[in-house]
Amino acid sequence: MMNRRVVVTGLGMVTPIGNDVATSWKSALEGKSGIDRIQSFDASAFGSQIAGEVKDFDPSKYLGVKEVRRFDRFVHFGVAAGLMALEDSGMEITDEFAPEIGCAIGAGIGGLPVICANDQAYHERGPRRISPFMIPGCIINMASGQLAIMKNLQGPNIAHVTACSTGLHAIGEAMHIIRRGDATAMVAGGCEATIHPIGLGGFDSMHALSRRNDDPATASRPFDKDRDGFVMGEGAGVVVLEELEHALARGAHIYAEIVGYGLSGDAYHITTPSTDGPARCMRMALRNAGLKPEDIQYLNAHGTSTSVGDANEIKAIKEVFGEHAKSLVVNSTKSMTGHLLGGAGGVESCFTIKAIEEQISPPTINVFEQDPECDIDCCANKARPMAIEHAMKNSFGFGGTNSTVIYRRWKA
């Protein structure tokens, strides 16, 4: 059993605040909100009419005309972010190396719009109007599958589906694949595109979404006393993970080292979180990394802006970190992007890695009056330069599925 060191050598993002890493990161540091009234369909009949939509995205920059038409929007995002990450890594994929590089890009829900469109075609015009491309166009593993086909990635090809923990589970499991010697590099992360009447309606009927329709930019309010639910987002975040010696040998730019991964199940309730599951998850990541709680300086929280979820996560953080929790910066970039569901862990990992590289925490915006139950340093409203040696990233999902990853600052 190997235990090889794994580093991050490429980043790719499509988000509500930018269609690439540079734009998304700049927007995050500026505290720019990507949330507005929904433009892709008429949402006036819904209680929540706002979302973090990706703007001015052209999938034909990344896929051929036929592929754009056949694949759901989440595949467009996942492939785009994957291609960006691979280009950023500078990795040459030769025929000899192709079996050594794999792909793990998941989604929490997948191709809901394609499924709904074909269901409508069936009811209006009969079964012959169901597209023969419906199934490959909507199944969750097609972001990984299509990227692998396009770039000849012949290593492990998988797609995780763990609700809002998806992207982070994909990155953590990809790390283990490399550690144990089953691949030399992995393209890993998550994507999502379910801002659609059925997707919005499903969450809205649960009263899980913010209904601050008159002020969309301030609707996502993690840790704020007056938060009233999360805001749906869409997009993708993908990283290239690589075995350290291989990265060094080819002179790759190393963003950070991935050193710890934890995962757990609440076994408690389908939607209501427990404190125990997230706490065990964070402790496992620390143990896996060989670190103590006081070794962490920055934590990018799950922080969705729900009344129960935010307070529960902070309680779990306090259980794990004890007195050191007062010294942590615990922010939520979902205040700007909204909640990307299965894509959240990938996008927020990219933000966390950039925070380590540039030694600065993005802000949690829209903190007007901080909830006393969330009494942590959330880097409220303004980015802050700070020393970050180790950073933790949390993602938690429906069904009580939890994931935590720890990244370390790279020093040559």
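Before reading further, recall that the structure is shown in the block above.
Now for a quick tour of the structure. (Residues numbered from 1 in each chain as written. Predicted model: local features only at pLDDT ≥ 70, side-chain atom pairs only at ≥ 80, totals over all residues. Heavy atoms only, no water.)

### So, the pattern of salt bridges
Then, in step 1: Counted by the stated rule, this structure contains 23 salt bridges.
Then, in step 2: For Arg280, the salt bridge goes to Asp276, with nearest N and O atoms at 2.8 Å. Separated by 4 residues within a single helix, Arg280 and Asp276 lie in helix 10 (residues 276-289), roughly one turn from each other.
Then, in step 3: One salt bridge connects Glu357 with Lys354, and the closest N-O pair in it is separated by 3.0 Å. Taken together, the residues Glu357 and Lys354, both in helix 13 (residues 344-358) and 3 residues apart, mark about one turn of the helix.
Then, in step 4: Taking relative accessible area as the criterion, Lys354 reaches 12% and is therefore assigned buried.
Then, in step 5: Several salt bridges share partner residues, and in doing so they unite Arg5, Glu257 and Arg408 into one network. (Salt bridge = Lys/Arg side-chain N within 4 Å of Asp/Glu carboxyl O. Helix = DSSP H or I, 4+ residues; strand = E, 2+ residues; numbered from the N terminus. Buried < 20%, exposed > 50% of the residue type's maximum accessible area, 1.4 Å probe, protein only.)

### Let's talk about the sheet that holds strand 9 (residues 298-300)
Sheets are built from strands paired through backbone hydrogen bonds, the pairs being either parallel or antiparallel.
Then, in step 1: A sheet is described by the order of its strands in space; here 10 strands give the open sequence 5-4-6-7-1-8-14-13-9-10, paired in mixed fashion. Strand pairing shows two members of the sheet lacking a second neighbour, strand 5 (157-158) and strand 10 (329-331), which therefore form its edges.
Then, in step 2: Sheet topology note: the strand 8 (residues 256-265)/strand 14 (residues 401-409) ladder contains 9 bridges and is antiparallel. Residue pairing in the sheet places Leu263 in a bridge with Ser403 of strand 14. (Pairing = 2+ DSSP bridges.)

### Re unusual backbone geometry
Then, in step 1: With phi around 90 degrees, Ser305 is a residue other than glycine that occupies positive phi space.
Then, in step 2: Positive phi is not limited to glycine here, since Gln359 has a value of about 55 degrees.
Then, in step 3: Secondary-structure assignment places Gln359 in the loop between helix 13 and strand 11 (360-361).

### Quick word on the environment of Asn402
Then, in step 1: Looking at where Asn402 falls in the secondary structure, it is placed in strand 14.
Then, in step 2: Residue Asn402 is classed as buried on the basis of its relative accessible area, which comes to 1%.
Then, in step 3: Residues Asn402 and Ala174 lie 228 residues apart in sequence; the distance between their C-alpha atoms is 16 Å.
Then, in step 4: If near-sequence neighbours (up to four positions away) are discounted, Asn402 is found in contact with Ser165, His169, Gly262, Leu263, Ser264, Gly265, Asp266, Gly277, Pro278, Cys281, Ser395 and Phe396.
Then, in step 5: Polar side-chain contacts of Asn402 include one of 2.8 Å to the side chain of Asp266. (Contact = heavy atoms within 4.5 Å. Polar contact = N/O pair within 3.5 Å; in protein donor to acceptor, adjacent residues only side chain to side chain.)

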